[in-house]
Amino acid sequence: MHPVHRTGPRLALRELEPGDVDGVFAIYGSPEATHHLSFEPRTHDQVAAIVARSITSALADPRSEYALAVVEREGGGLVGFGRLATDPHQQRAATFGFALRPDVWGRGYGVETVRLLLGIGFDELGLHRVWGARSPLNEASAATMAAAGMVEEGRIREHVHKAGSWRDSVVHAMLDREWRATGRMR
């Protein structure tokens, strides 16, 4: 499926473009935005490589990764980064993740982003299960995924090594029947 374009009430998901490097760097280069993510802030060069790799992987056939820009429908400004990747170890399943610029936190953009990503997974790709993991300390992400209709499933112990120590992750997931019942974009 290429190109991806999915819209919600205020946001849209679209394919990454070469000109998105600075927008993604505002997220992936930010200590605040990456505080609860599984990696340290990235350099501008690292972000440029991520964007270039994502643009290339979008053309793969079959496509297994959907790294997408989250943009405001009004004005088109990049406010986030979303990723959905099919899981080769699970049938009809994918992992997902998202990150938003800190200056747009608290506006409900996280819930809309999650619903847009879930919509791609269930409506476009026909998946059975989509799951993501968060830092146990990231209560905002927990609330966001719950508001999007995802279920907290449990903890993966010492799953991420960051800043010199191991950290657990908390898994949230949604099944296709749950999406049909409650998760669709409202």
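Residues numbered from 1 in each chain as written. Predicted model: local features only at pLDDT ≥ 70, side-chain atom pairs only at ≥ 80, totals over all residues. Heavy atoms only, no water.

**Considering the pattern of salt bridges**
Logical step 1: For the coordinates displayed, the defined rule picks out 14 salt bridges.
Logical step 2: Notably, a salt bridge pairs glutamate 17 with arginine 14, separated by 3.8 Å at the nearest N-O pair.
Logical step 3: Looking at glutamate 17, the relative accessible area reads 41%, which means it is partly exposed.
Logical step 4: Given a relative accessible area of 16%, arginine 14 falls into the buried group.
Logical step 5: With its nearest N and O atoms 2.8 Å apart, the salt bridge here joins arginine 63 to glutamate 15. Linking arginine 63 in the loop between α3 (44–57) and β3 (65–72) with glutamate 15 in strand β2 (residues 11–15), this pair joins segments that are 48 residues apart in sequence.
Logical step 6: Salt bridges sharing partners connect three or more residues here, namely Arg6, Asp123 and Glu124. (Salt bridge = Lys/Arg side-chain N within 4 Å of Asp/Glu carboxyl O. Buried < 20%, exposed > 50% of the residue type's maximum accessible area, 1.4 Å probe, protein only. Helix = DSSP H or I, 4+ residues; strand = E, 2+ residues; numbered from the N terminus.)

**Quick word on the side chain of histidine 172**
Logical step 1: Relative to the helices and strands, histidine 172 is located in strand β8 (residues 165–175).
Logical step 2: Looking at histidine 172, the relative accessible area reads 2%, which means it is buried.
Logical step 3: At 2.8 Å, the side chain of histidine 172 and the side chain of arginine 134 are in polar contact.
Logical step 4: When residues no more than four places from it in sequence are discounted, the contact partners of histidine 172 are Val130, Trp131, Gly132, Arg134, Ala142, Met145, Met150, Val151, Glu152 and Glu153. (Polar contact = N/O pair within 3.5 Å; in protein donor to acceptor, adjacent residues only side chain to side chain. Contact = heavy atoms within 4.5 Å.)

**A word on the side chain of aspartate 87**
Logical step 1: Inspection of the secondary structure puts aspartate 87 in the loop between β4 (78–86) and β5 (93–100).
Logical step 2: One buried charged residue, aspartate 87, forms no salt bridge at all, with the nearest opposite charge on arginine 129 at 6.3 Å.
Logical step 3: Those residues in contact with aspartate 87 that lie beyond four places of it in its chain are Ala93, Ala94, Thr95 and Trp131. (Lys, Arg positive; Asp, Glu negative; His and termini not counted.)

**Describing the pairing of β8**
Each regular strand displays side chains that alternate between the two surfaces of the sheet.
Logical step 1: Counting buried positions along β8 yields nine of eleven residues, so the element is predominantly enclosed.
Logical step 2: Sheet topology note: the strand β6 (residues 129–134)/β8 ladder contains six bridges and is antiparallel. Its bridge partner being in β8, valine 130 is matched across the sheet by methionine 174.
Logical step 3: Taken together, the eight bridges between strand β7 (residues 151–162) and β8 define a ladder with antiparallel strand orientation. Its bridge partner being in β8, histidine 161 is matched across the sheet by tryptophan 166.
Logical step 4: Between β7 and β8, which pair antiparallel one after the other, the connecting turn spans two residues, and alanine 163 there sits at a positive phi close to 55°. (Pairing = 2+ DSSP bridges.)

**A word on the packing of helix α1 (residues 21–28) against α3**
Logical step 1: Close contact between α1 and α3 brings their axes to 9 Å; oriented N to C, the two are set at 120°. The angle between the axes of α1 and α3 places the two elements in the oblique class. The handedness of the crossing between α1 and α3 comes out as right-handed. Across the interface between the two elements, Val21, Asp22, Val24, Phe25 and Tyr28 from α1 touch His44, Val47, Ala48, Ile50 and Val51 from α3.
Logical step 2: Its residues assigned to classes, the contact of α1 with α3 comprises eight nonpolar, one polar and one charged. (Axes fitted to C-alpha atoms, helices over the stretch in contact; angles between N-to-C directions. Parallel < 35°, antiparallel > 145°, perpendicular 65-115°, else oblique. Left-handed = near helix turned anticlockwise from the far one by under 90°. Nonpolar A, V, L, I, M, F, W, Y, C, P; charged D, E, K, R; others polar.)

**Quick word on the confidence of the model for the chain**
Logical step 1: In this model, the chain carries a mean pLDDT of 93, and residues with pLDDT of at least 70 account for 97%.
Logical step 2: For the chain, per-element mean pLDDT is lowest for helix α6 (residues 176–183), which scores 87, and highest for β2, which scores 97. (pLDDT = per-residue confidence, 0-100.)

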